[in-house]
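# Remarks on the overall topology
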Amino acid sequence: MDIVTLARFQFAMTTIFHYFFVPFSIGVALLVAIMETLYVTKKDESYKKMAKFWGNIFLLSFAVGVVTGIIQEFQFGMNWSDYSRFVGDIFGAPLAVEALLAFFLESTFLGLWMFTWQRVGPKLHVSFMWLVTLGSILSAFWILVANSFMQHPTGFTFRNGRAEMNDFGALIKNPQVWYEFSHVILAAFLMGGILIAGMSAFRLLKQRSLSELSTGIFKKSLRVGLGVALFGSLGILISGDMQMQALVEDQPMKFAATEGLYEDSDDPASWTVIGWMDEAEHKRVFGIHVPYVLSILSYHSLSGGVEGMNSLNESMTAEYGDDNYFPPVNAMFWSFRIMVGFGMLMLLVSVLGLFFTRKKNPSLYKKPWMLWVVGLMTFTPFIANTCGWLVTELGRYPWTVYGMFKIQDSVSPNVTPASLLFSNIVYFLLFGGLAVVMIYLVVRELRKGPDVQEEQEKEEPATDPFDGGAFNE
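Keep in mind that what you see is a predicted model, and the values were worked out from it rather than measured. (Residues numbered from 1 in each chain as written. Predicted model: local features only at pLDDT ≥ 70, side-chain atom pairs only at ≥ 80, totals over all residues. Heavy atoms only, no water.)

Once that is clear, we can look at the packing of helix H4 (residues 122-151) against helix H6 (residues 175-204). At their nearest, the axes of H4 and H6 sit 9 Å apart, and the two run at 135° to each other. In this view, H4 runs oblique relative to H6, as classed from their interaxial angle. Here H4 and H6 pass one another in a crossing that is right-handed. Contacts from Ile-137, Ala-140, Phe-141, Leu-144, Val-145, Asn-147, Ser-148 and Gln-151 in H4 reach Gln-176, Val-177, Trp-178, Glu-180, Phe-181, Val-184, Ile-185 and Phe-189 in H6. Partitioning the contact of H4 with H6 into residue classes produces 11 nonpolar, 4 polar and 1 charged. (Axes fitted to C-alpha atoms, helices over the stretch in contact; angles between N-to-C directions. Helix = DSSP H or I, 4+ residues; strand = E, 2+ residues; numbered from the N terminus. Parallel < 35°, antiparallel > 145°, perpendicular 65-115°, else oblique. Left-handed = near helix turned anticlockwise from the far one by under 90°. Contact = heavy atoms within 4.5 Å. Nonpolar A, V, L, I, M, F, W, Y, C, P; charged D, E, K, R; others polar.)

As structure tokens, this is what we get:
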């Protein structure tokens, strides 16, 4: 394999694995903050136990997310040094703010939240978790400011062969930032809700062996999780629609690839439900079409055509020079449909789950097959989020910075296929090991349940690591 392919594979591997835990942490942090807020407002101790229990799982995802994030940052210096030189002046500012402000806020108040349960009042304590949630959201925001420049460059000038920032405000006002940010954050909320609901459903399958306390906590957790998931999934419908409409203007090649559209569409444009494309010949092999739908999705109108990839490739060749501007179409086409399909499935399960757990007739808890459906949904956000990022990043091909800097110009000049292959193997084994450890610890925590935690707190209250006697024998 060539250097560019190996470098792209490594960055894809590290990014996808890291992104498993970013929305995990943001979403579960929100759920924990909501649970503790319910404890403060309702004075119901079960919500406090819920917050503590799910807080332990949040801490696991936070820890693994930090480790994988550090590894991902190494990629820029290891394999993409020419890219880093080109765009470092612009990337440096938002990433510095992310580390010095957002991550500092998140990690500081997480420490306070962990060790002050018995030392501050409930209202002050719950504010710590809301600040953790705010910090995690701000962290995502600043990273997406940097990523959005790659999608839609703004606020820069060319100097000495580099893109140098001349307007920091333009980076923040970049419309792509707000499309990406709203979509990513709402997807994180959806993920947090589905994960809490799904893991609760798996435990309720064993409710005959659970204590009354654990059963009650998992039932409440399932309801809270589904409520947040419903909010997130409805929001995603709106933000996703806005983002796709923006793509028609900003990145028409990416939009056409998600629809497998090589030739210019008719007016009105039909939407392809399923299909397969011959990427070598640049044509569609087969497809099942629904009239008018693509015009509705693109323009919110019953009329309007969409330019195909063949025409767009000719335009880009004339503007940027001779090259292959076609992204991997089948990967784009199916990733988009898998993302949307799982998103709609999560919306449906959230609505039905809330209906079948209503107070008048909570039948879901009594039907194992329903609990299995909700439980299996635990895995769907990981798939949907991964497919979403594949669409975002693959659709920019062959650019690292759209219209400015290409992938083949971005790779470090001193790396070799042997070194890349070795580091790919090392990272794959490392990530595989982290995944096994993470799954093991989460499953162990779920099996322990809130009961064990309550017993441990009665026997030995949480120790403040900064207490003068904390390390005394």
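On we go.
Time to look at a nonpolar patch on the surface. Taken together, the side chains of Val-273, Ile-274, Trp-276, Val-285, Phe-286, Ile-288 and Val-290 present a nonpolar region at the surface, about 580 Å² in accessible area. Looking at the nonpolar patch, the elements with two or more residues in it are strand S3 (271-278) and strand S4 (283-290). A per-element tally of the nonpolar patch places S4 first, with 4 residues. Structurally, Val-273 is set in strand S3. (Patch = residues over 30% accessible without salt bridge, like charges linked within 9 Å, V, L, I, M, F, W, Y side chains within 5 Å. Areas by Shrake-Rupley, 256 points an atom, 1.4 Å probe, with all protein chains shown as cover. Salt bridge = Lys/Arg side-chain N within 4 Å of Asp/Glu carboxyl O.)

Below, the discussion takes up the domain arrangement of the chain. Its domain assignment divides the chain into domain 1 (3-249 + 331-391 + 412-455) and domain 2 (252-327). A separation of 32 Å is found between the C-alpha centroids of domain 1 and domain 2. With 13 residues of domain 1 at the contact, the number on the domain 2 side is 18 residues. Together, the buried faces of domain 1 and domain 2 total about 1500 Å²; carbon and sulfur atoms form 61% of this surface. On inspection of domain 1 and its partner domain 2, the count reaches 1 salt bridge. Note that Glu-259 is salt-bridged to Arg-337, the shortest N-O span being 2.9 Å. Joining domain 1 to domain 2, the criterion identifies 8 residue pairs in polar contact (both at pLDDT 80 or more). At the level of secondary structure, the elements contributing two or more residues to the side of domain 1 that touches domain 2 comprise helix H7 (212-250) and helix H11 (329-355). In terms of residue count, the dominant contributor to the side of domain 1 that touches domain 2 is H7 (6 residues). Residues of the side of domain 1 that touches domain 2, tallied by class, amount to 8 nonpolar, 2 polar and 3 charged. (Domains from an automatic or database assignment. Buried area = accessible area lost by both parts, 1.4 Å probe. Polar contact = N/O pair within 3.5 Å; in protein donor to acceptor, adjacent residues only side chain to side chain.)

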